[in-house]
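So you can see what is in the structure, the chains are spelled out below.
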Amino acid sequence: MMLWERHSYVIVAIMSIKFAQIREACYKQIMDKLQPIRGMKDLFLADAAAQQHIINTCYNVAAKYNFHHAVTPILEKTAVFSRTLGDSSDVVNKEMYSFEDKSGDNVTLRPEFTASIARAFISEGLQQNVPLKCISNGPLFRYERPQKGRQRQFHQINCEWLGTAGPMVDIEMIQMAWDMLNALGINHVELQLNTLGDAATRQAHKAALVDYFERFKQDLSADSQTRLQHNPLRILDSKDAKDQDIAKEAPLLLDYLTNEAALFWNQLQATLHDLNIPHTHNHQIVRGLDYYTHTVFEFVGKSDDLGSQNTLLAGGRYDELIQQMGGPPTPAIGFAMGIERLALMLNECAIKAPHAVIIPIGDTMTACLKLATKLRAATQHVELIHGGGNLGKKLKKADKLNAEYAYIMGEDELANNHVIKRHLATGAQEEITL
Ligand code: HAM
């Protein structure tokens, strides 16, 4: 080989190494950019198993209360939420993922289920089906500051009961919520509740709150000064230390309850007491969404695993919402639980191991596919091992999957219409007829 030929080989080799390095660096740069969006998570294996376990458990409890699965679209016209959740709510003001679609309509990725269910109740003519008791689950979107237990895409299990009035329905809803948490083994929880009374109660209380907070207007946070105009009740919910200090002496809604609202609240509390349902009264629960009337409640987790986002489940009565949205007067109550927050309180949720692993050795794949079909038809969970490798390597894979049995099929076994069934924990094996 001439010297110049040898040089050109070396140059080509160096160039191809350099080229591979540049290509790898480019891929890495692209992949670095292709992370999930901030506040949104991928769920696989144990995390996904925990979510599925929570959904299945809650649906089993809901079925005992005769609740049925309901589905609404993830995307709704923006007005569904902006008109119902309240223009002073953080969800509407700051957190909605809203955009114009290709036909120029303003649409929003749902930040919660309740308004969508109320919209569907009216647009699907579901009045004929009251009482309508429905359970839903799925993703929701709020542009919040992500932290432990708070995401921008999160998941809820949401239950609504439309069409029945009175505090005894509230009791059943609260019982169902307790049953769901108990079925999940989540016990370190406190039920806190409050009343927001009826429309007349809130009007009288609002006037008293405006009077009171006007006196401290200069000292209130900017957010609370805005709330003073639109919804002074929300000042009681403020996280600002100075607002909280001022709010301590604010007029209590309880002092403005109409006779009807007081009767509702007293009956609710007396029945909770009679049924030994543990609860505490928390005046500060006013909820961040504007549609609530009478009973509002939150289940607060008492575990360090939750951090500051410790409300696991929240809800309340919303007797006026459906009429406000243009439907017939329809009393209603509901609650939603954050699946991610529940998952933080669950013990590690193991992913389900297959009953059996089938190991083909040599040219036996077709027979193994037939065996897998038979076992699956007999409700077994089966993993068929694909690809090369010797028996030892494939048995290691089977062990890693935590399966109970391996079915090993070599060409000799197939010729005799047999398969070896091996108990993976003990290594004991027997030959069985296919
Ligand atoms: P909410 O209080 O806005 O109420 O949310 C209910 C639950 O969803 C919270 O207690 C929490 O567990 C979970 N959650 C809320 N935001 C996030 C987030 N950014 N990240 C993770 N989890 C979150 C409602 O949504 C009402 N629609 C409940 C209702 C149903 N009221 C009547 N019917």
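Residues numbered from 1 in each chain as written. Predicted model: local features only at pLDDT ≥ 70, side-chain atom pairs only at ≥ 80, totals over all residues. Heavy atoms only, no water.

**Student:** When you look at the site of the ligand in this model, what are you seeing that I'm missing?
**Tutor:** Taken together, 27 residues lie around the ligand, and E112, E144, Q151, R287 and Y292 are the ones closest in. One of the side-chain N or O atoms of R142 is found 2.9 Å from an oxygen atom in the ligand. E144 places a side-chain nitrogen or oxygen 2.7 Å from a nitrogen atom of the ligand. Computed on the free molecule, the ligand has an accessible area of 660 Å², of which 95% lies beneath the protein chains in the complex. Among the secondary structure elements, those contributing two or more residues to the shell around the ligand are β6 (153-162), β10 (311-317) and β11 (332-338). A total of 6 residues in the shell around the ligand trace back to one element, the largest contributor, which is β10. Residues of the shell around the ligand, tallied by class, amount to 10 nonpolar, 10 polar and 7 charged. (Near = heavy atom within 4 Å. Polar contact = N/O pair within 3.5 Å; in protein donor to acceptor, adjacent residues only side chain to side chain. Areas by Shrake-Rupley, 256 points an atom, 1.4 Å probe, with all protein chains shown as cover. Helix = DSSP H or I, 4+ residues; strand = E, 2+ residues; numbered from the N terminus. Nonpolar A, V, L, I, M, F, W, Y, C, P; charged D, E, K, R; others polar.)

**Student:** Explain the environment of I135 here, please?
**Tutor:** With respect to the helices and strands, the residue I135 is situated in strand β5 (residues 132-141). Taking the C-alpha atoms as reference points, I135 and G334, separated by 199 residues in sequence, lie 9.6 Å from one another. Filtering out sequence-adjacent residues up to four positions away, I135 remains in contact with C58, Y59, A62, F67, H68, H69, A70, I157, N158, C159 and M180. (Contact = heavy atoms within 4.5 Å.)

**Student:** Help me understand the sheet that holds strand β2 (residues 75-77), please; the structure alone is not making it clear to me.
**Tutor:** Pairing is antiparallel across the open sheet formed by 3 strands, whose spatial order is β2-β4-β3. Only two strands of the sheet have a single neighbouring strand rather than two, namely β2 and β3 (97-100). With strand direction ignored, the average angle separating the axes of adjacent strands in the sheet is 35°. Note: β3 against strand β4 (residues 106-109), 4 bridges, orientation antiparallel. Looking at β4, one finds that E100 is bridged to N106. (Pairing = 2+ DSSP bridges. Axes fitted to C-alpha atoms, helices over the stretch in contact; angles between N-to-C directions.)

**Student:** When you look at the packing of helix α6 (residues 167-183) against helix α10 (residues 259-274) in this model, what are you seeing that I'm missing?
**Tutor:** Each pair of packed helices can be summarised by the angle the axes make with each other and by the distance between the axes. Relative to each other, α6 and α10 sit at 40°, their axes nearing to 9 Å. Judged on the interaxial angle alone, α10 and α6 are oblique. α10 is crossed by α6, and the crossing has right-handed handedness. Residues P167, M168, D170, I171 and I174 of α6 form the contact with α10, whose own contacting residues are F264, Q267, L268, T271 and L272. The class makeup of the residues in the contact of α6 with α10 is 7 nonpolar, 2 polar and 1 charged. (Parallel < 35°, antiparallel > 145°, perpendicular 65-115°, else oblique. Left-handed = near helix turned anticlockwise from the far one by under 90°.)

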